[in-house]
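The primary structure of each chain is shown beneath.
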Amino acid sequence: MSALKPFLFILFAICFCSCSKTELIHVNNKENELHVKAFDFLDKQDLENAFRYFAKAKDVYRVQGNRLMVAKCLIRMAIISTDKGDHYGGQETLIEAFSYLNKSDTAHAVYIASCLHTMGLTAMHLKNFDQAIRYLEESITYAKNNSSIIVTKNSIANAYRDK
């Protein structure tokens, strides 16, 4: 019987790992489906359903521990909130997105820039122009391409104009 213990342990470990892997694959398929569906709704300008599906995809990413994808979903949700006129809700969602981003990870830079730019635009809508300018100027430090920098500089000019 003692000779069977290592064999049974190995068999149990193989079964356990197999079950975990199958569950993970299922979660990955669900996550991809939810994220794709969110973009389908966004393309159709169905913002309520797009928001709902980004929230569902975010929850799956959170379970998986995929911080970048959680942040990306939150940024999309914040943009939708802001576009619908919920500027305070958009700000809260962006602040949550920041908590999932790593400033020292270059793969996160473009999303940090997007988050800061959106925070700047939200602050402009709330007539807080000085804060908007600070967010927008900081977003330039994370911008990866000239078109992002030009758009952000244009937003800064608009903030100064509206101030």
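The sections below set out a description of the structure shown in this document. Per chain, residues are indexed from 1 in the order of the written sequence. Where local features are concerned, this predicted model is filtered to residues with pLDDT of at least 70; where side-chain atom pairs are given and counted, the filter is 80 or more; whole-chain, interface and lining totals use all residues. Hydrogen atoms and water are omitted, and side-chain values are computed over all heavy atoms in the structure.

**Thoughts on the packing of aromatic side chains**
Here's step 1: For Phe, Tyr and Trp, rings pair up if their centres lie within 6.5 Å, where Trp contributes its six-membered ring, and each pair is then called stacked (planes under 30 degrees apart), edge-to-face (over 60) or tilted (otherwise). Applying the stated criterion across every chain yields a total of two aromatic pairs.
Here's step 2: Stacked on the ring of Tyr53, the Lys or Arg Lys56 has its end atom at 4.6 Å from the ring centre. In this scheme, the term charge over a ring applies when either NZ of a lysine or CZ of an arginine sits within 6 Å of the ring centre and within 35 degrees of the ring normal.

**Observations regarding the packing of helix α2 (residues 47–64) against helix α3 (residues 67–83)**
Here's step 1: In this analysis an axis means a line fitted to C-alpha atoms, helices contributing only their contacting stretch, and an angle means the value between N-to-C directions, from 0 to 180 degrees. A helix here means a DSSP run of H or I that spans at least four residues, while a strand means a run of E at least two residues long, and both kinds are numbered starting from the N terminus. α3 packs onto α2 with a crossing angle of 160° between their chain directions and a minimal axis gap of 8 Å. Looking at the two axes, α2 sits roughly antiparallel to α3. By crossing handedness, the relation of α2 to α3 is classed as left-handed. Between α2, through Leu47, Ala50, Phe51, Phe54, Ala55, Ala57, Lys58, Tyr61 and Arg62, and α3, the contact on the second element is made entirely by Met69, Val70, Cys73, Leu74, Arg76, Met77, Ile80 and Ser81.
Here's step 2: Three residue categories are used. Nonpolar comprises Ala, Val, Leu, Ile, Met, Phe, Trp, Tyr, Cys and Pro, charged comprises Asp, Glu, Lys and Arg, and polar comprises the others, including Gly. For the contact of α2 with α3, the residue count by class is 13 nonpolar, one polar and three charged. Throughout this description, any angle smaller than 35 degrees is read as roughly parallel, any larger than 145 degrees as roughly antiparallel, any in the 65 to 115 degree range as roughly perpendicular, and the remainder as oblique. Note on convention: near helix rotated counterclockwise from far helix by under a right angle means a left-handed crossing. Clockwise means right-handed. Residues are treated as being in contact if the distance between any of their heavy atoms lies within 4.5 Å.

**Quick word on the environment of Lys37**
Here's step 1: Here Lys37 lies in helix α1 (residues 4–43).
Here's step 2: On the basis of relative accessible area, Lys37 is assigned to the partly exposed category, the value being 35%.
Here's step 3: In the structure, Lys37 is positioned 16 residues away from Tyr53 in sequence and 6.7 Å away in space, judged by C-alpha atoms. Only protein chains enter the accessibility calculation, which uses a 1.4 Å probe; a residue is then buried when its area is under 20% of its type maximum, exposed when over 50%, and partly exposed in between.

**Looking at the pattern of salt bridges**
Here's step 1: Salt bridges are defined as contacts in which a side-chain nitrogen from Lys or Arg sits within 4 Å of a carboxyl oxygen from Asp or Glu. Under the criterion given, the structure shown has seven salt bridges.
Here's step 2: Salt-bridge contacts for Lys84 lead to Glu48; the nearest nitrogen and oxygen are separated by 2.7 Å. Highlighted residues: Lys84 in the loop between α3 and α4 (87–98) and Glu48 in helix α2, separated in sequence by 36 residues.
Here's step 3: The class for Glu48 is partly exposed, based on a relative accessible area of 47%.
Here's step 4: Residues Glu96 and Arg62 are paired through a salt bridge, measuring 2.9 Å at the closest nitrogen-oxygen approach. Placement of Glu96 in helix α4 and of Arg62 in helix α2 is noted, with a sequence separation of 34 residues between them.
Here's step 5: By relative accessible area, which is 35% here, Arg62 ends up partly exposed.
Here's step 6: It is possible to trace a salt-bridge network through shared partners that takes in Lys58, Asp59, Arg62 and Glu96.

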